[in-house]
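# Structure at a glance
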Amino acid sequence: MLSEDEYVERAQRELALLVARLDLVEATSLEVELANDILTLEFDDGSKYVVNSHRAARQIWMAAERNAWHFDWEPRAGAWVAQKTGEELWATLNRVTERKLGATVGLVRPA
């Protein structure tokens, strides 16, 4: 398990990378904001997807489309992975966002 300092560093960096990449998405129906370790994607229809740092559990949590994921840092994969499903954070957020927008988003975690 990550120490608290390691977790904070990794989680904050991941959220910053996500918001930087999402800011490049050319969709007027999507608004992205990062505040207080909470990344919010808001769509024209008023629906929201939320990705946030959960320090107590040392996880990144995501809620979208009436679903929730809890991603743990997986050192071997070098990625945040939901232990229950094996899904990776970026791929999962990309999938649900593309489905919502009906367009290619192309979220790919930088190496």
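Computed from a prediction, not measured in an experiment: that's the story for all the values here.

Rules used throughout
As a convention, each chain's residues are numbered from 1 in the sequence order in which they are written. With the structure being a predicted model, the display of local features is reserved for residues of pLDDT at least 70 and the display and counting of side-chain atom pairs for 80 or more, all residues being used for whole-chain, interface and lining totals. To get the side-chain values, take all heavy atoms of the structure and skip hydrogens and water. Relative accessibility thresholds used throughout: buried, under 20% of the residue-type maximum; exposed, over 50%; partly exposed, between the two (1.4 Å probe, protein chains only). Strands are runs of DSSP state E lasting at least 2 residues, helices are runs of H or I lasting at least 4, and numbering of each runs from the N terminus. Pairs of strands are assigned from DSSP output, requiring at least two bridges between the strands. Orientation is described by lines fitted to C-alpha atoms, with helices fitted over the stretch in contact, and by angles between N-to-C directions that extend from 0 to 180 degrees. Should any heavy atoms of two residues lie within 4.5 Å, those residues are considered in contact. Patch definition: residues with relative accessible area over 30% and no salt bridge; like charges joined within 9 Å; nonpolar side chains (Val, Leu, Ile, Met, Phe, Trp, Tyr) joined within 5 Å. All accessibility values rest on the Shrake-Rupley procedure with a 1.4 Å probe; residue burial counts only the protein chains present in the view. Salt bridge criterion: a side-chain nitrogen from Lys or Arg within 4 Å of a carboxyl oxygen from Asp or Glu. A residue counts as positive if it is Lys or Arg and as negative if it is Asp or Glu; His and the chain ends are not included. Taken as the charge location is NZ of Lys, CZ of Arg, CG of Asp or CD of Glu. Nonpolar cores are built from buried Ala, Val, Leu, Ile, Met, Phe, Trp, Tyr and Cys residues. Side-chain atoms within 4.5 Å join them into one set.

A positive phi angle, close to 55°, is found at R58, a residue other than glycine. Judged by relative accessible area, R58 falls into the partly exposed class, the value being 24%. Positive phi values are uncommon outside glycine, yet R66 reaches one of about 60°. By the secondary structure assignment, R66 is in the loop between strand 4 (59–64) and strand 5 (67–74). By relative accessible area, which is 89% here, R66 ends up exposed.

This part takes up the sheet that holds strand 2 (residues 38–43). Spatially, the six strands line up as an open sheet ordered 1-2-3-4-5-6, and their pairing is antiparallel. The sheet is open, and its two borders are formed by strand 1 (30–35) and strand 6 (79–82), each paired with just one other strand. Here the strands of the sheet are splayed against their neighbours by 20° on average, with no regard to which way each runs. The pairing of strand 1 with strand 2 spans six bridges and is antiparallel. Across the sheet, residue L30 finds its bridge partner in strand 2, namely F43. Together, strand 1, strand 2, strand 3 (48–54), strand 4, strand 5 and strand 6 form the strand contacts of helix 1 (residues 4–22), whose direction differs from that of strand 3 by roughly 155°.

A separate point is a negative patch on the surface. There is a patch of like negative charges on the surface, built from E31, E33, E42 and D44. The class of E42 is partly exposed, set by a relative accessible area of 32%.

Note that soluble globular proteins tend to have their nonpolar side chains buried in a common cluster. The biggest cluster of nonpolar side chains holds 29 residues, and the ones touching the most others in it are V51, M62, W80, L89 and L93. Look past the residues within four positions of L89 in its chain and what remains in contact with it is E14, L18, V51, I60, M62, F71 and W80.

Further remarks concern the side chain of N94. Tracing the chain through its elements places N94 in helix 2 (residues 89–101). With near-sequence residues (within four places) excluded, N94 lies in contact with V105, G106 and L107.

Interpretation note: all reported values are geometric properties and have no functional meaning in isolation.
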